[in-house]
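Spelled out, the chains give:
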Amino acid sequence: MQIYSDSRGRVIYLTIDPKEIRLDLQDLAPDFEYERTASVSNVKEVCKALKVSYDELEAKLLLLLENQMTAFDLFTEFLEDHQIYFQYYSGMR
């Protein structure tokens, strides 16, 4: 689901399922295309750190990240602060 979009071409998507939480950031300006992805396979650890059940996870992440231009950084900093391993990709398109 899209959780952020602005007129400068930044779009952030959040995907949640029992096996993975994934955040995708795309900056798609006319002369510059950049993307970052963070994915976590230990969904239980994220739930534990947020003190929520899996059923409450989406609502909690939306509360923390939705409509935030810095949602990607907030999410990855949260994972790092709680020592939760995640895969990270950053690059040009």
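Refer to the structure presented above.
If you're wondering where the values come from, they're calculated on a predicted model, not measured in any experiment.

A. The overall build of the chain, seen in detail. Secondary structure summary: the chain contains three helices and five strands in total. Mapped from its N terminus to its C terminus, the chain presents α and β elements in the order β-β-β-β-α-α-α-β. For a compact globule of 93 residues, the expected C-alpha radius of gyration is about 12 Å, and the chain comes in at 13 Å, within 12% of that figure. Once the C-alpha set of the chain is aligned to its principal axes, its extents read approximately 40 × 20 × 20 Å. Long-range pairs, those at least 24 residues apart, make up 48% of the contacts in the chain with a sequence separation of at least 6.

B. Examining the environment of Gly9 more closely. Examined against the element boundaries, Gly9 turns out to sit in the loop between strand 1 (2-5) and strand 2 (10-17). Overall, Gly9 belongs to the buried group, its relative accessible area being 17%. Spatially, the C-alpha atom of Gly9 lies 18 Å from that of Leu65, the residues being 56 residues apart in sequence. For Gly9, the residues in contact, after removing those within four places along its chain, are Gln26, Asp27 and Leu28.

Conventions used here
Residues numbered from 1 in each chain as written. Predicted model: local features only at pLDDT ≥ 70, side-chain atom pairs only at ≥ 80, totals over all residues. Heavy atoms only, no water. Helix = DSSP H or I, 4+ residues; strand = E, 2+ residues; numbered from the N terminus. Rg over C-alpha atoms; globule rule 2.2 N^0.38 Å. Contact = heavy atoms within 4.5 Å. Buried < 20%, exposed > 50% of the residue type's maximum accessible area, 1.4 Å probe, protein only.

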